[in-house]
Amino acid sequence: MKKISTLILACSTSLVFAQTISESRIKDIVTTLAADNMKGRKVGTPENEKAAEYIAEQFKKNKLDYCYGKSYLVPFHYNDEMYFNVCAIKKGKTDKIIAFGAHFDHIGERTTGEDKIYNGADDNASGTSAVIALSDYYKDRKDDYSYMFLGFNAEEIGLVGSDNLSNNAEFKKYLPNIKALFNFEMIGTKSEFGANKMFMTGDNVSDLKDILNQNAVGDFKIVGDPYLDQGLFYRSDNVGFVKKDVIAHSFSTVDMNHQNHYHKVNDDISVIDFKNLTDLVNSFAKTLDKTLQKDFNPKYNEKLEK
């Protein structure tokens, strides 16, 4: 009986790790969010709200729970206007949470030129595709951990959406239980370190990178932040959660020294390496699966500045 149980457990674990996210699914998400008819998803526009509703619809299809209230759309006010973050959760056996986030807004349109639309395929439809795809990956699981999926709005005007969410009175109940927040920011291109590699901002202030790399599958690897002098750790949506003592880092592939599409109209789907993006998301998910089989307790060190 013991041998049979062991065999069943091994097969079950193998099936969990064998789950994959298809390239066509990733491409569909990025193409939808970065389409011309989304007009650059600038905060305050109908297209920005349409993007939020699209993300919410994906969470609904996956039968995720609301974080609170009666909608995946979480309203917040800024300069007397109401906007929406998106939040969903797949409840596990415990209150321990692993959170995944990405901002879905971009910078809209320009008034001159043949191409007027800042499509924002890499910035940040690519990161948003990872969050939605991970909700696909975990939708049928009943693990010890709960999984939270976050679409941040108004990042481009100063991290406004994530800051509002991290300070939201109803959301605050989750903060002590979030063991780590993985924020995906521009992961649509192959990094300077090669295929299936991402860098983690602020790797010098916690041990999270080392923990993940100890469990990395295949040739997947998290590389140290090569742009520490640019302060990227404090320039993305992880920072509001860092201030709340949550282990929160951003993950990216963009070559900051040689890219030529950041905040430009050529940031469309032609920029995206869909195979590499798909490999990254699958490798990350399987690496995290392995990591969470063990005691997972990442910590900041004395280099952190809040």
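Rules used throughout
- Residues numbered from 1 in each chain as written.
- Predicted model: local features only at pLDDT ≥ 70, side-chain atom pairs only at ≥ 80, totals over all residues.
- Heavy atoms only, no water.
- Buried < 20%, exposed > 50% of the residue type's maximum accessible area, 1.4 Å probe, protein only.
- Helix = DSSP H or I, 4+ residues; strand = E, 2+ residues; numbered from the N terminus.
- Pairing = 2+ DSSP bridges.
- Right-handed = clockwise from strand over helix to strand, strands pointing away.
- pLDDT = per-residue confidence, 0-100.
- Contact = heavy atoms within 4.5 Å.
- Axes fitted to C-alpha atoms, helices over the stretch in contact; angles between N-to-C directions.
- Parallel < 35°, antiparallel > 145°, perpendicular 65-115°, else oblique.
- Left-handed = near helix turned anticlockwise from the far one by under 90°.
- Nonpolar A, V, L, I, M, F, W, Y, C, P; charged D, E, K, R; others polar.
- Disulfide = S-S within 2.5 Å.

### Remarks on the pairing of strand β7 (residues 197-200)
Part 1 of the argument: Of the two faces of β7, the one carrying Lys197 and Phe199 and the one carrying Met198 and Met200 are both buried.
Part 2 of the argument: Sheet analysis places β7 next to strand β8 (residues 221-224), joined by four bridges and oriented parallel. Paired with Met198 across the strands is Ile222, a residue of β8.
Part 3 of the argument: The handedness of the β7 to β8 crossover, carried by helix α6 (residues 208-213), is right-handed.
Part 4 of the argument: Across two bridges, β7 lies against strand β9 (residues 248-252) in antiparallel orientation. Following the sheet pairing, Phe199 is matched in β9 by Ser252.

### Considering the confidence of the model for the chain
Part 1 of the argument: Residues at a pLDDT of 70 or more form 94% of the chain, whose mean pLDDT is 94.
Part 2 of the argument: The model gives residues 1-18 a pLDDT under 50, and that stretch makes eight contacts with residues more than four places away or in other chains.

### Quick notes on the pairing of strand β4 (residues 97-103)
Part 1 of the argument: In terms of burial, β4 is largely enclosed, as seven of its seven residues are buried.
Part 2 of the argument: On β4, burial covers both faces: Ile97, Ala99, Gly101 and His103 on one face and Ile98, Phe100 and Ala102 on the other are all buried.
Part 3 of the argument: The sheet contact formed by β4 and strand β5 (residues 146-152) spans seven bridges and is parallel. Its bridge partner lying in β5, His103 is registered against Phe152.
Part 4 of the argument: In the sheet, β4 pairs with strand β6 (residues 178-184) via five bridges, with the strands oriented parallel.

### Quick notes on the packing of helix α4 (residues 121-138) against helix α8 (residues 274-292)
Part 1 of the argument: Between α4 and α8, the shortest axis-to-axis distance is 10 Å and the interhelical angle comes to 45°. Between α4 and α8, the angle falls in the class oblique. Crossing angle aside, the handedness with which α4 passes α8 is right-handed. Only Leu277, Val281, Phe284, Ala285, Lys286, Leu288 and Asp289 of α8 make contact with α4, whose side of the interface consists of Ser126, Ser129, Ala130, Ala133, Leu134, Tyr137 and Tyr138.
Part 2 of the argument: Class assignment of the residues belonging to the contact of α4 with α8 gives a composition of ten nonpolar, two polar and two charged.

### What to know about the state of the cysteines
Part 1 of the argument: Under the definition given, this model contains one disulfide.
Part 2 of the argument: With its sulfur 2.0 Å from that of its partner, Cys67 forms a disulfide with Cys87. Looking down the S-S bond of the Cys67 and Cys87 bridge, the torsion is -80°, so its handedness is left-handed. Of this pair, Cys67 sits in the loop between β1 (65-66) and β2 (73-78) while Cys87 sits in strand β3 (residues 81-90), placing them 20 residues apart in sequence.

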